[in-house]
Each structure stands twice: as structure tokens, then as C-alpha cells.
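Working through the structure, step by step
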Amino acid sequence: MSSAPILALENLTMRFGGIVAVNALSFTAQRKQITALIGPNGAGKTTVFNCITGFYKPTSGIIRLTHDDGAQYEMQKLRDFNISKQAKVARTFQNIRLFPGMTALENLMVAQHNALMRASGFTVLGLLGVPSWRAAEQSAIDAAVFWLKRVGLIDRADDAAGNLAYGDQRRLEIARAMCTGPALLCLDEPAAGLNARESAALSELLLSIRSDHGTSILLIEHDMSVVMEISDRVVVMDYGVKIAEGTPREIRDDPKVIAAYLGTDEEEAAAVMEAEA
Amino acid sequence: MSASHPASSNGSEPVGAAFILKKAFLSALVALGLFSLMIGVRTEAGQSGQLEYWTRFGDLASLVAAVFVGSIIVELLRLWLGPRGGLGSFVPPSVQSGLSIAGRYLAPALLIFTFLVPVIFYNQRYILDLGILVLTYVMLGWGLNVVVGLAGLLDLGYVAFYAVGAYSYGLLSTTFGLSFWICLPLAGILAAFWGVLLGFPVLRLRGDYLAIVTLAFGEIIRLVLINWQDVTGGPNGVSGIPRPTLFGIPLTPGEGGLAAMLGIPFSPTHRIVFLFYLILALALLTNWVTIRLRRLPIGRAWEALREDEVACRALGINITTTKLTAFATGAMFGGFAGAFFATRQGFISPESFTFQESALVLAIVVLGGMGSQLGVALAALAMIGGFELFRSLEVYRMLVFGLAMVLIMIWRPRGIVGHRAPTVFLEKSKSISSDLVKEGHG
Ligand SMILES: Nc1ncnc2c1ncn2[C@@H]1O[C@H](COP(=O)(O)OP(=O)(O)OP(=O)(O)O)[C@@H](O)[C@H]1O
Ligand SMILES: [Mg+2]
């Protein structure tokens, strides 16, 4: 197994006209760990995700991904769909993006598109209905069923995704991302809008994805209970720059982080903390 | 708003006579504006080419009055039918379940009936011709359905591929003497090739822009056909296109013809019946391929594209090739239909491939319920059959027809078959309500 971190950002900068949404950001995400990316609203977290997953071309900087076998990809050079197809990076969206008019099962089948395309002989063998295609289709259904069970949605397999409850849609989106067989899973605020019980179930799901499937996770999250409980490392951003990095404990006590969240300056925050202690 | 929610307004927002009258008055005013030139003044070229016109204010007045009364009736119906304002919500559940059972048997019944049409109406040439026409549009509708209904790409220039197919067969058969059965796949391939060529530049465009560019493409093809005289014959078209043969056996009188070989007396109806089954087979092939494609990864990717393009990219789906395959597949079916058209008519000219054809086929797809195979077939039957039905009304045909379209779109805004059937299921296939299914944006 490669010893390099699964994901390394080097001086990533993203400009929109005059706005510098991400400014010379560098950090790494370790293999088979959960790395949390936190920061106040508008800090540039989603922009980082969009650069990693090819929706934005970064203004400058390098985003390097290293697979277990040592194969390296530079995301800023890949075409958008190849980031999922070759580099094996899957993501979810801050505002859920399912296929609402397709069933939960169909959503998970679409996620296995590239594998199924190959199995269907780029449609030719599939049209003829050859046995190898049928077998591949069945195993894709099995994989979908596995993930539907895993996220507790097996009873809703044949229901339209748009008809699912909010929390169910969030979990279905994670299941769909996992169906692409990712090396790195990027989750944009997966706990947003979930109740306490659902958040706890989500933490448990993410921990098991990391330990049972060996998938590395990059997580944007505002819900600090989830972040503190499951992440191995935390990177804090504010105004497009990294202001802190460390274990959840270190981050919790960092005056710079508290200042960023409270919107005050550093000395004041330090004073508040000392007063509390 | 208040008119469509009378139950909830509950007197707080009065849906009184004043409101209804005001709305009726406005509608009548619009009608007056629209019809004053269309109906009020009739112009014609006189014997020596001079302009002759006369007024028809009586007709105009009665039409405006009809709109006024009609508007009142529509509003009253809405009031009476309840909040959703649609007839669909008014149908009691028992009738709805009855309808769904009827729906299940409708497709097979329709298919069997279609197979029997030449037997039942053997002596009615008019019905057979109409049947061929309807089936041609069913096939075109199914072809366009791949692009518009499944992939959600609005294509206003579908007739271009129909034309490419027709001219491919027309020119290949008249200049190189190739037979219909060789030209048919060639016509499909050439049309698909044009589909890809069109696809490349327009792939980045979405929504209205895509519609406009495809519209322009349809016109360009027609203009090329008119102006490239050396090859296409220009406005005179291509004539003397060979009729199809039953795998080499011509359907002609005399020696070597099918009738002579079978030892039965020759009748021109044989060829009509043959053409009927030919287009039926082509349409069914289109249907079969489309149904299969929907269950293959490519078809699911088309539908996913219609639902959410951004999510598709995040799942590693190559948007470009996926759109191109949709364009090419739809174009290929259009090309097949075009080759059939050419062999049936024996003569083609650019006049047959105007924007009106594209609009008609698109109307069939939209009316049928985007994405539904049965809906498209029913819509083609209703549109083409309806057109013939109203023929006796002469000048008012288009008017009645337009009115019927408007009424259907009020009643079923998502088309005749408004729900989507899943392509795969674990326990039970539950049809998905049209409210959830996206229409696409490109
Ligand atoms: N496509 C864009 N065009 C212009 N500005 C953009 C674009 N995308 C993001 N921005 C800007 O970049 C900054 C960072 O936005 P981003 O969405 O990355 O924040 P975030 O950290 O994800 O915030 P939140 O926690 O609210 O989701 C914002 O000021 C935003 O307005
Ligand atoms: Mg964000």
C-alpha cells in the first residue's frame, strides 16, 4: 500500500472575478481516515470540494490523489467525469442531488454506470441480452441491495427518490456515492437537517464505511458533535485560507478557531476562554 | 389564484360573478385582437392579381362571443370541479382503478387491432393509407421520444433526420440502383451520423438555446436540399424512387411479381398492405429497441441526464457521449422512417420536410406524455386521426384542432400517460407520478 496521503492539496487557489474563494490552501487527507473540513459560512469549503471533484477548474494549485496501489492522479488535469471514473472520487452535494423521478434502486444502478457500460459491451451485448450481461446486471442489483440495506432503505427500494423523507434522501445519496466504488468519499454537510437520532446513525454509518470498506472520507460538516465524534483530523478554513489543523481535541481548544466561529478577534476569544477555564 | 382554489379561499377571496365576468371580458378582448385580422378581414388575390378583400364582422362577432361564453363556462367548471381544476382529480377512485386495468390491456389490444387492420379494412384504401400515415408518425414520435422524452433534450429540428433518411434512400436507389433493404440501414446510419454532427456543436447549449439551434439545423438541411440542385434535384425533388420489394420479389402485375408467383390475381392493394406491415414492423422495432435501451445502462444514463446533469457528472457519466448517443439513436429511427417515406411516396421534395413536421412530431411526444411509449402511440393516433376527422370542418379544422390540444393540455398537463414506469424493481414496479419526473433542461 502506498504511504502517500490519499489526497494532497498544494496551494489551491480559486478566484471568481474579484473574489478569492480559496486562497493558497494546502492540506492532506490521510488514507482510511476521516478528515473533516470545517469553517464558518462562506469560508470556501464547498468551493474546495468543487475543485476536487472537477466542477471548478482551480485558478492555480495541485490536487493530487494517490490510490492504494500508488497510482497518482492530478484532479485539476482530469475531465470532470474521469474524476469519478478513474480517480475514484465520489461526492454528495450540500443541496441533495438525487434523480427524483427514478426509484431508489435506479439511482444506485445509475451510479454503477461505467462498470455496467463495459459489461453491456457498450450496449451491443446488452441489446442482445447475452448471459454475461445478465450476470453483471444481477450483481449490480445485488450491490445496490447491499447499500440499500446498509443505509436502512431496502423497504423503499421501489419508491421514487423524490418521495423519500429528507433524512432518507441524504442517506440514499451516500449509498449512491458508495455504489461507484470510491477510494475517496467527499461528503458536503451530510448531517444538515437531520435530527439527533439520524445524526447518530450517520456517524455510525460513516465510521463503518471507513473501517469495513477502507474508504477514506473527506467531510464538510457544521454539526460539531458529528465532527468531534468521528473525525481523525480536522482542517479549519476561514475566508479561503487554512487557519488551523489538528485532532478534534486540538481544534476544539484553538482560540483561532473559536474566534473565526464567533466572528471576534483572537485576543478576545482567548480572553473568553481563560475566563471560562 | 382565487379561481383555482375556491375551496380554500372560503369566501375570504370572493370568486364572484365579477371575477368571472372580468376574466371572460379579458379573454374576449384578446380574441378580438387576434381574430380581427385573421377572421374579420378576408384577403385574396383577384383575377388580375390585384388585392381583393371583404369583411366578415358577423363571423368575428360570433367567435368573440363564443370565447366570452366559453371562458365563463370554463371558470364555472373549475369552480364546480374543485381546487386542482383538473378533471383528473375529479374522477372517483373506482373509475381510476378501472382505467388503470384498462390501461394494462390497452397496449396489447391496440397491437392486435393494428395487426388486423389490413384484414378488416382490406377494401378501404383510405383507411389503410391513414393507418400507414399514423404508423409513420408513431415511429417518428418514438424516435424523437428518445431525445426529448428520455434524455430531456429539446429538439425542434427532428425533421432534418427524416429528410436525411428519405434523401439517402431516394438518391442511393436512383443513382446506384441499391435496393430498399440495403438502403434502409444506410439511411439510418447516415441520419445517425448527422445526428452526431449536429450533436457536437449543440451539446454545450441548454434549454431555449438548444431548441433554437436544432430548429435552425432543420431549416439548414431543407435549404441545402433546395439549393444543391446537382445532387438533390432542388425544389423538383427526386422522383422515380423504386418501390420496396418483398426481399427481391416485386409487388407488380405480370411475370415475376408476387401475385403471379402465388398464383393469385394481382391487386394494387397488395402493395398497400405490404407497406402497412413494413412500417408496423419498423415502428415495432423502434419500440422494442427503445424499451430495451431504457433497461440498459445507456438508457438509464439518458434518464438520469434528464433528471440531474450535475449529479451525472459526479457519478462519472460522460455527458458528451451520453447526449450524442441519444441524438444519434433518435436520428437513426428518424432516418429509417424517412427511407420508408421515400419508398412509399416514390417521390420526395424539400416541401415534405418543413418545420411543421418537426412541430407535429414534437407535439405528439409532448401530448403523449414525455417518455411514455404507449402515450406517444395514442397521441399520434389522436393527432393524425383527429386531423382527418376534422377534415370536414375545412377552414375551422385548425381552430378546432388547436382547441382540442389546449383542452387536453389543461386536463393532462403532463400528457396522456403522465407517469413513469421504473426500469428495474425489487419487489413491485410502482409507477412514478409525473410531479417528480423532471422534463430536462436541454
Ligand atoms: N460559482 C461561484 N461564483 C462566484 N462566487 C462563488 C462561486 N462559488 C462560490 N463563490 C463564493 O465563494 C465563497 C465561498 O463559498 P462556498 O460555497 O465555498 O462556502 P462554504 O464554506 O461552502 O459555505 P457554507 O458553509 O455556507 O456552505 C462565497 O463567498 C461564495 O459567494
Ligand atoms: Mg458549502
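It should be emphasised that the depicted structure is a prediction, and the values quoted were computed from it without experimental measurement.

Describing the coordination of the magnesium ion (ligand 2)
Residue and element names in this part refer to chain A. Only Thr46 (OG1) and Gln94 (OE1) from the protein coordinate the magnesium ion (ligand 2), and they sit 1.8 to 2.1 Å from it. Of this pair, Thr46 sits in helix H1 (residues 45-52) while Gln94 sits in the loop between strand S6 (89-91) and helix H3 (104-111); the two residues are 48 residues apart in sequence, bridging distant segments of the chain. Taking the relative accessible area as the measure of exposure, Thr46 reaches 25% and is therefore partly exposed.

A short note on the pattern of salt bridges
Following the criterion strictly, the structure yields 24 salt bridges over all chains and no others. Note that A:Lys32 and A:Asp68 form a salt bridge whose closest N and O atoms lie 3.2 Å from each other. With a gap of 36 residues between them, A:Lys32 in the loop between strand S2 (19-29) and strand S3 (34-38) and A:Asp68 in the loop between strand S4 (60-66) and strand S5 (72-74) connect regions that are remote in the sequence. Relative accessible area serves as the criterion here: at 36%, A:Asp68 is assigned to the partly exposed category. Among the ionic contacts, a cluster of salt bridges with common partners joins A:Glu106, B:Arg294, B:Glu303, B:Arg306, B:Glu307 and B:Arg420.

Digging into the interface of chain A and chain B
On the side of chain B, 37 residues touch chain A, which itself brings 45 residues to the contact. Summed over both sides, the interface between chain A and chain B buries roughly 3,400 Å², with carbon and sulfur atoms accounting for 66% of that surface. For the interface between chain A and chain B, the tally reads four salt bridges. Between A:Asp80 and B:Arg313 there is a salt bridge; the shortest N-O distance is 2.9 Å. Among the elements of the structure, helix H2 (80-85), S6, H3, helix H4 (113-119), helix H5 (124-128) and helix H6 (131-150) of chain A are those that each provide at least two residues to the side of chain A that touches chain B. Grouping the constituent residues of the side of chain A that touches chain B by class yields 22 nonpolar, 12 polar and 11 charged.

Observations concerning the site of ligand 1
Residue and element names in this part refer to chain A. Taken together, the neighbourhood of ligand 1 is formed by 13 residues, with Asn41, Lys45, Thr46, Thr47 and Gln94 sitting nearest. At 3.2 Å, a backbone N or O of Ala43 approaches an oxygen atom of ligand 1. Note that an oxygen atom of ligand 1 is positioned 2.8 Å from one of the side-chain N or O atoms of Lys45. Contact with the protein chains removes 66% of the 630 Å² of surface that ligand 1 exposes when unbound. Taken together, the residues that form the shell around ligand 1 break down as four nonpolar, seven polar and two charged.

Examining the domain arrangement of chain A
How big an interface is tends to be reported as the loss of accessible area on association of its parts. All names here are of chain A. What the domain assignment lists for chain A is domain 1 (1-88 + 182-277) and domain 2 (98-180). Spacing between the C-alpha centres of domain 1 and domain 2 amounts to 28 Å. Taken together, the contact between domain 1 and domain 2 spans 20 residues of the former and 12 residues of the latter. Between domain 1 and domain 2 lies a buried interface of about 1,300 Å² when both sides are counted; carbon and sulfur atoms form 65% of it. When the buried surface of domain 1 facing domain 2 is broken down by residue, Pro182, Leu205 and His213 rank first, second and third, together holding 33% of it. Counting across the interface, domain 1 meets domain 2 through one salt bridge. Among the secondary structure elements, those contributing two or more residues to the side of domain 1 that touches domain 2 are H2, strand S7 (184-188) and helix H8 (196-213). With seven residues, H8 is the single largest residue contributor to the side of domain 1 that touches domain 2. Split into classes, the residues belonging to the side of domain 1 that touches domain 2 amount to nine nonpolar, five polar and six charged.

Parameters and conventions
- Residues numbered from 1 in each chain as written.
- Chains lettered and ligands numbered in written order.
- Predicted model: local features only at pLDDT ≥ 70, side-chain atom pairs only at ≥ 80, totals over all residues.
- Heavy atoms only, no water.
- Donors = N, O, S within 2.8 Å, 3.2 Å for Na, K, Ca; no water.
- Helix = DSSP H or I, 4+ residues; strand = E, 2+ residues; numbered from the N terminus.
- Buried < 20%, exposed > 50% of the residue type's maximum accessible area, 1.4 Å probe, protein only.
- Salt bridge = Lys/Arg side-chain N within 4 Å of Asp/Glu carboxyl O.
- Contact = heavy atoms within 4.5 Å.
- Buried area = accessible area lost by both parts, 1.4 Å probe.
- Nonpolar A, V, L, I, M, F, W, Y, C, P; charged D, E, K, R; others polar.
- Near = heavy atom within 4 Å.
- Polar contact = N/O pair within 3.5 Å; in protein donor to acceptor, adjacent residues only side chain to side chain.
- Areas by Shrake-Rupley, 256 points an atom, 1.4 Å probe, with all protein chains shown as cover.
- Domains from an automatic or database assignment.

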